[in-house]
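Read off the chains here:
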Amino acid sequence: MGPGGEVLGRGEVPVGTRSVPGDGVEADPEELWGSVLAAGTAALAEARAPAGAVALANQGETVLAWDRATGRPLSPAIVWQDRRAAAVCERLADRAAELTALTGLPLDPYFAAPKMTWLRENLTADGVVTTTDTWLLHRLGGQYVTDAATASRTMLLDLDTVTWSEAACAAFGLDAAALPAVADCAGVVGETAAFGPPLPIAGIAVDQQAALLAEGCLAPGDAKCTYGTGAFLLVTTGAAAARSSAGLSASVAWRLRGAATYCLDGQVYTAGSAVRWLAGLGVLAGPAELDAAGQTVPDSGGVIFVPALAGLGAPFWQPGARGVLTGLHLGTERGHLVRAVAEGIAASVALLVSPAVSDMGGASGGGARGGRPPGPTLTALRVDGGLTRSRLLMQAQADLLQRPVLICRSADATALGVAALARLGLGEAASAAEAVGPPGMDTVVEAVVEPAITADEAAERTAAFRSALQLALAG
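Summary of the structure given here.

Rules used throughout
Residues numbered from 1 in each chain as written. Predicted model: local features only at pLDDT ≥ 70, side-chain atom pairs only at ≥ 80, totals over all residues. Heavy atoms only, no water. Salt bridge = Lys/Arg side-chain N within 4 Å of Asp/Glu carboxyl O. Buried < 20%, exposed > 50% of the residue type's maximum accessible area, 1.4 Å probe, protein only. Helix = DSSP H or I, 4+ residues; strand = E, 2+ residues; numbered from the N terminus. Expected span 1.5 Å × (residues − 1). Polar contact = N/O pair within 3.5 Å; in protein donor to acceptor, adjacent residues only side chain to side chain. Pairing = 2+ DSSP bridges. Axes fitted to C-alpha atoms, helices over the stretch in contact; angles between N-to-C directions. Contact = heavy atoms within 4.5 Å.

Quick look at the pattern of salt bridges
On inspection of all chains with the given rule, the structure shows 14 salt bridges. Between Arg-18 and Glu-26 there is a salt bridge, with its nearest N and O atoms 3.4 Å apart. According to the relative accessible area criterion, Arg-18 is partly exposed, its value standing at 38%. Here Glu-289 makes a salt bridge to Arg-334, at a shortest N to O gap of 3.1 Å. Of this pair, Glu-289 sits in the loop between α9 (272-280) and α10 (290-294) while Arg-334 is found in helix α11 (residues 334-359), placing the two residues 45 residues apart along the sequence. Residue class for Arg-334 comes out partly exposed when judged on its relative accessible area of 38%. One connected set of salt bridges, linked through shared partners, spans Arg-18, Glu-26, Asp-82 and Arg-84.

Quick word on helix α1 (residues 29-47)
The α-helix advances 3.6 residues per turn, and as a result positions three or four apart in sequence lie on the same side. Taking 1.5 Å as the rise per residue, α1 with 19 residues should run 27 Å; its terminal C-alpha atoms sit 27 Å apart, in good agreement. Capping the start of α1 is the job of one residue whose side-chain oxygen sits 3.0 Å from the backbone nitrogen of Glu-30: Asp-28. Immediately downstream of α1, the backbone of Arg-48 shows phi near 50°, a positive value.

Section: the sheet that holds strand β19 (residues 381-384)
Strand order in the open sheet made by the seven strands is β15-β16-β14-β13-β19-β20-β21, with mixed pairing throughout. The outermost strands of the open sheet, each flanked by one partner alone, are β15 (249-256) and β21 (445-449). Taken over all neighbouring pairs, the strand axes of this sheet differ in orientation by 30° on average, direction set aside. Direction of pairing for β19 relative to strand β20 (residues 405-408): parallel, over a ladder of three bridges. The partner of Val-383 across the bridge, within β20, is Ile-407. Sitting on the sheet, α11 is in contact with β13 (223-227), β14 (231-238), β16 (259-268) and β19, with an inclination near 140° to β16. Each of β13, β19, β20 and β21 touches helix α12 (residues 391-401); the most contacted strand, β20, lies at about 150° to it.

If you want it as structure tokens, here you go:
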């Protein structure tokens, strides 16, 4: 990122995952490490400018075991989509409410702690088990730390004190003393020579929260959704550690100079992966063909798709749910299937908005609850990620939300977010707003998509989707 917030160079190296029996999803840690080196080197080469710091974003719920003395991985990386820890969650079902009240997170195998316990019980008792950021920082030359936002995604962090919870660690059979220190998201946590001359490591955050910062969602009620493998809606709630009463998870958005800002979030586990699933079936040549195929028909022809191909996240938390494709008939064409998938993703995201508004006490067309003055409300949704290139999907999203969708100009919101944190960490900015950059930076809105259907039509489509959703919830 340049001094004006502009992107100077890019590097992208995909990391493969493999499905294993029992709803497992794994990655090779060495491939992940190699991708960090290759992408960083490529970005620097394209930038043709000296770097001032290294920043690191991560998938907050992916874990591995490794040797602290050598940095050698002792297990595969257990990826966020892995569901094999469902049995761990079932064992702890009688403590679910207690753990959620403590950590802000529903008891679900999506989060890191159940995976860490499963890994200990099934793969190895050796070394340390952490989220991938701590291991990558070690490899880079950093301290044994994780950032507060990533720590809040484990289900081991006391959300109010932003410290490891002895009670939560004991529940999962994990040693709090073996966990990394919890660091601010902005601040120097080491030095690396992995990309040439030594550079400070100064910005660290979980990926979705980094994007939230980059898109300027600094005030309570500001919201963004990232469309990648999954779709992730985050709403900034401010300095108070709010808990959701509507099935969302609550996390640290970022911690700066010891002061935490919080957010609520909801997850759709299969978004881009649902499009890739279509491509794997031969319905599409690839994700880039989504709009062209969908525009061959005017609507979905009554076909409805529920993207529960890896279970359902917020607000349902049903890891055993399966996808649903209904309404097929002899007149169903390829375009109908494509539109159904796009609309199913959009409907799943839209169903997260009402719980978020409710949790914030905001008015959503019905006034305040219980006579309480209305809190922040969601007036528009900022969006980023690869699938935002699909106008078909973005129009469906605006239609079902009945709110404008603001498409981020840059596909690099996560990287820009941790770069902004590095600026703060080096003292080059005095506040988060200053670190994110002035108007005109690379993350400003590129396009605004307004709803093109009436509220009644949106309600009718949402009701049809909810009916199909009940089939997914029934297993």
